[in-house]
Protein chains: 2
Amino acid sequence: MSEPAFIGLDAGGTRTRGVLLVGKGRVTSLARPTDGRSEESVLRALLDVIRDLREYAGRLGVSPLGLGVGIAGYIDHERGVVTESPNLPLRDLPLRDLLGRETGLPTVVDNDANCAALAENRLGAGRGCRHQVHLTLGTGIGGGIIIGGELYRGASGSAAELGHIIVLEGGPQTACGHGGCLEALASGSAVEREAKLLMEEGWMPLGVKVKGSELNAADVAAAARAGDPAARTLWERMGHFLGVGMACIINALNPERLTLSGGLTEAWDLFSEPMMEGVSRHAVPLSFEAVRILTSELGDWGGAIGAAILSAEAAH
Amino acid sequence: MSEPAFIGLDAGGTRTRGVLLVGKGRVTSLARPTDGRSEESVLRALLDVIRDLREYAGRLGVSPLGLGVGIAGYIDHERGVVTESPNLPLRDLPLRDLLGRETGLPTVVDNDANCAALAENRLGAGRGCRHQVHLTLGTGIGGGIIIGGELYRGASGSAAELGHIIVLEGGPQTACGHGGCLEALASGSAVEREAKLLMEEGWMPLGVKVKGSELNAADVAAAARAGDPAARTLWERMGHFLGVGMACIINALNPERLTLSGGLTEAWDLFSEPMMEGVSRHAVPLSFEAVRILTSELGDWGGAIGAAILSAEAAH
């Protein structure tokens with residue numbers, strides 16, 4: 001008999017990633033651009049990736065038994081509905097039932113950061129941990145909480161909105177409207193917002209070509225590495241507030257491990273020191289001693305891998 | 001056969017409360033002043049209360065089967081050790097073993113806010129909830145988290161230090177050293193600190209007799225009810241920051257219920273409105289809709305009742 005196989009998808013704003021998980025952790029992956037113009041175009045991208053992965057599974061001689069999908073936003077995991085997504089034009093979409101019907105596969109849908117947390121817990125930087133918190137640091141900040149070795153979803157499936165804990169009440173706003181939340185201070189969009197403000201005041205960052213009045217977070221990282229003092233300060237500030245937010249999470253949940261993934265971790269050299277300083281200043285000593293802080297082992301693929309694991313665990 | 005009975009104690013800075021829990025919820029209670037001069041005097045107060053409760057149990061014809069003790073501070077529940085207490089001169093004290101030896105009863109020790117959370121979950125304002133968070137609002141702010149119907153203690157027993165989540169990084173300090181934490185902004189000591197600052201600037205609160213340059217929180221409440229605008233503003237500010245902290249907890253944990261106890265809840269009429277405004281502004285909508293916010297049903301006795309329940313549940 002062939003090994004069990006599951007498909008996992010992570011539908012991001014710019015890219016749809018897919019993996020085929022075979023057995024206990026062999027993974028094949030592929031990615032395609034997401035066409036985010038409409039609900040239909042997003043669904044088409046998902047179905048294209050599923051078709052390609054099934055074809056590939058056929059060549060391996062395995063037949064996928066289930067499908068998991070991770071999506072940024074508010075997901076009603078119980079009913080399989082995408083309530084709202086910040087990056088995709090989906091609202092109150094019964095994605096589980098739609099994809100289940102199209103593919104004939106048992107389907108589960110969850111928040112992408114929940115999926116990433118599960119993947120790190122099962123196969124990555126949180127392996128073997130009973131209590132773990134995962135943060136995804138990208139344009140926004142997402143969170144996933146593992147308690148007793150299982151994803152913790154809360155009373156109505158909306159737990160772990162850790163980008164929206166407030167660390168500087170009255171501080172800068174984001175699209176979400178929660179002034180001073182972690183996402184408003186330590187996400188990619190926060191770094192970009194602050195860089196833009198500096199440029200409006202006449203800042204010319206060292207070592208990067210400026211397009212208009214906006215820099216992306218990678219540009220700000222390049223400028224910092226080229227020695228630009230203002231860019232370095234932006235990353236120090238980002239790291240500091242990230243550390244404060246992590247200390248809040250550590251004080252509330254006393255996890256064994258706190259893991260971090262997402263595009264922003266590429267600037268680890270620029271923010272990890274002030275981050276650790278913020279954590280050690282604000283975490284209560286017993287909990288600080290108990291936690292290990294690690295970057296992801298699965299990187300950008302954590303969401304899709306976790307979606308496949310979710311599907312595999314639902315099948316048991 | 002007589003009904004099972006358990007003794008619960010809550011050793012506070014000024015008072016030691018004790019209860020005898022008989023059957024599924026019949027409670028007899030008594031309190032004595034805590035003599036906090038030394039480790040010995042604290043232990044003596046505990047043993048005095050235990051003796052009186054056993055005497056009372058004898059008259060009821062029941063014999064206590066176990067003892068639970070709740071204490072403010074860092075408690076190593078696993079080993080039964082009081083690591084550190086803010087209000088009592090106890091440090092690295094193996095209280096479980098000491099009291100177990102003295103009384104001959106199986107003994108458990110836990111943080112007082114954990115005990116209060118358990119009591120509200122089993123017999124009070126959180127009855128029937130799977131996921132609940134409890135806050136004790138007194139001189140300091142303590143927290144207890146119930147997940148899946150059980151106390152959540154974290155990786156090293158120090159979870160739920162919810163007074164030490166940071167809501168205003170860089171804000172006022174407390175004894176704990178965590179500037180801008182919830183305790184520094186929304187506890188009794190925060191209200192008293194702000195009142196003292198105002199008095200140093202010449203404020204004369206309406207309707208209360210001033211002793212020296214300090215008012216306690218009850219005085220500030222009396223002044224606010226007498227119509228003093230500065231006192232009213234202090235409670236509004238306290239309520240606002242409490243609401244911000246509660247929103248953080250709600251966003252992280254998506255509880256069914258958030259319950260509140262402690263002396264400060266006597267000023268509920270003065271702070272609950274700005275508190276709810278802070279919660280609704282900062283909680284993510286799905287989690288806000290799912291949570292009910294209630295004051296305690298067991299009041300100041302929650303800690304002792306919870307300690308007795310902890311002992312009873314440990315016996316099963």
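Analysis parameters
- Residues numbered from 1 in each chain as written.
- Chains lettered and ligands numbered in written order.
- Predicted model: local features only at pLDDT ≥ 70, side-chain atom pairs only at ≥ 80, totals over all residues.
- Heavy atoms only, no water.
- pLDDT = per-residue confidence, 0-100.
- Pairing = 2+ DSSP bridges.
- Helix = DSSP H or I, 4+ residues; strand = E, 2+ residues; numbered from the N terminus.
- Buried < 20%, exposed > 50% of the residue type's maximum accessible area, 1.4 Å probe, protein only.
- Salt bridge = Lys/Arg side-chain N within 4 Å of Asp/Glu carboxyl O.
- Axes fitted to C-alpha atoms, helices over the stretch in contact; angles between N-to-C directions.
- Least-squares fit on C-alpha atoms with pLDDT ≥ 70 in both.
- Contact = heavy atoms within 4.5 Å.
- Expected span 1.5 Å × (residues − 1).
- Buried area = accessible area lost by both parts, 1.4 Å probe.

Q: Is there a simple way to explain the confidence of the model for chain A in this structure?
A: Detailed reading of the predicted model is not advised wherever pLDDT is low. Mean pLDDT over chain A works out to 94, with 99% of the residues at or above the 70 mark. For this predicted complex, the interface confidence score (ipTM) comes to 0.95, while the overall pTM stands at 0.96.

Q: I would appreciate a short explanation of the sheet that holds strand β12 (residues 257-261) of chain B in the present structure.
A: The strands making up a sheet associate through hydrogen bonds between their backbones, and the pairing can be parallel or antiparallel. Residues and elements named next belong to chain B. The 5 strands are arranged β11-β10-β9-β12-β13 in an open sheet whose pairing can be described as mixed. For this open sheet the edge positions go to β11 (150-151) and β13 (292-295), each flanked by a neighbour on one side alone. Note: β12 against β13, 4 bridges, orientation parallel. Directly across from Leu-260, in β13, lies its bridge partner Thr-295.

Q: Looking at this structure, how should I read the pairing of strand β8 (residues 107-111) of chain A?
A: In the case of a regular strand, side chains alternate between the two sheet surfaces. Residue and element names in this part refer to chain A. Burial analysis of β8 places 5 of its 5 residues in the buried class, the great majority of the element. Bridge count for strand β4 (residues 64-71) against β8 is 5 bridges, and the pairing is parallel. Its bridge partner lying in β8, Gly-70 is registered against Asp-110.

Q: What's the story with the pattern of salt bridges in this structure? I'm lost.
A: Side-chain pairs of opposite charge can arise where the charged atoms are in close proximity. Counted according to the given criterion, the structure contains 34 salt bridges over all chains. Among the salt bridges present, the one from A:Arg32 reaches A:Asp52, with a minimum N-O distance of 2.2 Å. With a gap of 20 residues between them, A:Arg32 in strand β3 (residues 26-33) and A:Asp52 in helix α1 (residues 39-60) connect regions that are remote in the sequence. Residue A:Asp52 is classed as buried on the basis of its relative accessible area of 18%. Measuring nitrogen to oxygen at the nearest pair gives 2.6 Å for the salt bridge that ties B:Glu313 to B:Arg122. With B:Glu313 in helix α10 (residues 302-314) and B:Arg122 in helix α3 (residues 112-123), the pair connects residues that are 191 residues apart, well separated along the chain. The exposure class assigned to B:Glu313 is partly exposed, which follows from its relative accessible area of 34%.

Q: Honestly, the sheet that holds strand β5 (residues 74-76) of chain A in this entry has me stumped. Any pointers?
A: All names here are of chain A. If you trace the 3 strands from one edge of the open sheet to the other, you get β5-β6-β7, paired in antiparallel fashion. Since the sheet does not close on itself, it has two edges, and those belong to β5 and β7 (91-93), each with one partner. For this sheet the average axis-to-axis angle between neighbouring strands, irrespective of direction, equals 20 degrees.

Q: It is not clear to me how unusual backbone geometry should be interpreted in this structure. Could you clarify?
A: For residues other than glycine, phi is negative in most cases, and the peptide bonds are mostly trans. Residue and element names in this part refer to chain B. Look at Ala-160: it is not a glycine, yet its phi comes out positive at around 70 degrees. Tracing the chain through its elements places Ala-160 in the loop between β11 and α4 (182-186). What makes Ala-160 buried here is its relative accessible area of 3%.

Q: I'm lost on the relation of the copies chain B and chain A in this one. Help?
A: Superposing chain B onto chain A takes a rotation of 180 degrees plus a shift of 0.0 Å along the axis, which leaves an RMSD of 0.0 Å. Read as a symmetry element, the transformation amounts to a two-fold axis. Most of the interface of chain B is mirrored in chain A, where 100% of its interface residues again form contacts.

Q: What is the right way to look at helix α1 (residues 39-60) of chain B in this model?
A: An α-helix turns once every 3.6 residues. As a result, residues three or four positions apart point the same way. Residues and elements named next belong to chain B. Taking 1.5 Å as the rise per residue, α1 with 22 residues should run 32 Å; its terminal C-alpha atoms sit 32 Å apart, in good agreement. Buried-residue contacts for α1 involve β1 (5-11), β2 (15-22), β3 (26-33), β4 (64-71) and α2 (95-103). Immediately beyond the C-terminal end of α1, within one or two residues, lies Gly-61, with a positive phi of roughly 80 degrees.

Q: I would appreciate a short explanation of the environment of A:Ala119 in the present structure.
A: Residues and elements named next belong to chain A. When you line up the elements, Ala-119 lands in helix α3 (residues 112-123). The exposure class of Ala-119 is buried, given its relative accessible area of 0%. Along the backbone, Ala-119 and Thr-265 are 146 residues apart, and their C-alpha atoms lie at a distance of 17 Å. Excluding residues that lie within four positions of it along the chain, Ala-119 makes contacts with Gly-124, Leu-298, Gly-302, Ile-305, Gly-306 and Ile-309.

Q: Whenever I open this one, the interface of chain B and chain A confuses me. Can you help?
A: Reports often express the size of an interface as the amount of accessible area lost when the parts come together. If you look at the interface, chain B gives 41 residues, while chain A gives 41 residues. Buried surface at the junction of chain B and chain A, both sides included, amounts to about 3300 Å², of which 60% is carbon and sulfur. The largest per-residue losses of area from chain B upon contact with chain A belong to B:Tyr152, B:Glu169 and B:Leu286, which jointly make up 19% of the total buried on that side. Counting across the interface, chain B meets chain A through 2 salt bridges.

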